[in-house]
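One-letter residues, chain by chain:
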Amino acid sequence: MSLSTGIRPNFVDLTSNARPKNVLVVEDDPGIRHVISSILNSAGFAIFEADGVQSAVEIASHTDIIVAVIDLHLADGDGLELTRKLSNTRDIATIIVSGQASPVDRTIGIEVGADDYMAKPFDARELLARVKRQASRMARFRDTPEPAETGENHPNQPLGEWTVDFARRRVTSNDGRQARLSDAEFRALEALLIQRGTIVSRDDIHEAVVGHRDRDPLDRRVDVLISCI
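What counts and what doesn't
- Residues numbered from 1 in each chain as written.
- Predicted model: local features only at pLDDT ≥ 70, side-chain atom pairs only at ≥ 80, totals over all residues.
- Heavy atoms only, no water.
- Pairing = 2+ DSSP bridges.
- Helix = DSSP H or I, 4+ residues; strand = E, 2+ residues; numbered from the N terminus.
- Axes fitted to C-alpha atoms, helices over the stretch in contact; angles between N-to-C directions.
- Buried < 20%, exposed > 50% of the residue type's maximum accessible area, 1.4 Å probe, protein only.
- Right-handed = clockwise from strand over helix to strand, strands pointing away.
- Contact = heavy atoms within 4.5 Å.
- Polar contact = N/O pair within 3.5 Å; in protein donor to acceptor, adjacent residues only side chain to side chain.

1. Let's talk about the sheet that holds strand 9 (residues 162-165)
Move 1: Here we have three strands laid out as an open sheet, ordered 8-9-10, and antiparallel in their pairing. Unpaired on one side and paired on the other, strand 8 (157-159) and strand 10 (170-173) mark the two borders of the sheet. Going from strand to strand, the sheet's axes swing by 30 degrees on average, the running direction of each strand aside.
Move 2: Where strand 8 lies against strand 9, three bridges are found, and the strand directions are antiparallel. Of the residues in strand 9, the one forming a bridge with Gln157 is Val164.

Structural data, given as structure tokens:
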């Protein structure tokens, strides 16, 4: 299958000075890919399309993507691994849209770093609302200081045989191994260590990971993240 990089400038929101809200749609089914792209196009997002892992990574490395909508079964690889790669990028939110919708599938998706998870078939308005929410959240993160700037205010902290380096956002063992944490997992760990010795509420952790917004009582991301740390 071929790669399509169909950005449509007429749909970019130019009502503010914010950077264009480019969305990457990664789906190997051309029909579903077209439906998702059309839904988001109509709301003002500029769309890039990919049918596999390789093309998606290539687009993300050269384009200012703010949200990636990812199917799990792709032409050349695993959508979970793609989600992990993109989720390690501070500026990209990831939403899995998949026919695999069991609680276990959702939990695995969140564990690898997905910011949200939707089941197929999906409601168009719900998909749009979730993409808008993640785009807004990531836009707020882009307006905050980079991790290295905030981390300078906090010295490295030991954690058993590990050392947490806030400035470089690394967790390294005494023998040189590095823990593979997604950006969301590191932010949760950071929120706990900065307030070490005190009780940290679920809402505080949620704000550190997701940003300042009302928490959906059914949102279990914090629970899953804490179980992974």
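2. Observations regarding unusual backbone geometry
Move 1: Put simply, Lys120 and Pro121 share a cis peptide bond, and its omega is -5 degrees.
Move 2: The residue Pro121 is located in the loop between strand 7 (116-119) and helix 5 (124-142) in this model.

3. What to know about the pairing of strand 1 (residues 22-26)
Move 1: For strand 1, the buried fraction is high: five of the five residues fall into the buried class.
Move 2: Here strand 1 shows no split at all, with Asn22, Leu24 and Val26 on one side and Val23 and Val25 on the other all buried.
Move 3: Note that strand 1 and strand 2 (residues 46-50) share five bridges and pair parallel. When the bridges of strand 2 are listed, Leu24 appears paired with Phe48.
Move 4: After leaving strand 1, the chain enters helix 1 (residues 30-41) and then returns to the sheet as strand 2, a path that is right-handed.

4. Considering the environment of Asp78
Move 1: Structurally, Asp78 is set in strand 5 (residues 77-78).
Move 2: Taking the relative accessible area as the measure of exposure, Asp78 reaches 39% and is therefore partly exposed.
Move 3: Along the chain, Asp78 and Val53 lie 25 residues apart, while their C-alpha atoms are 7.3 Å from each other.
Move 4: Among residues more than four places away in sequence, those in contact with Asp78 are Val53 and Leu72.

5. Let's talk about the environment of Ser38
Move 1: Relative to the helices and strands, Ser38 is located in helix 1.
Move 2: Reaching out from Ser38, the side chain makes a polar contact with the backbone oxygen of His34 at a distance of 2.8 Å.

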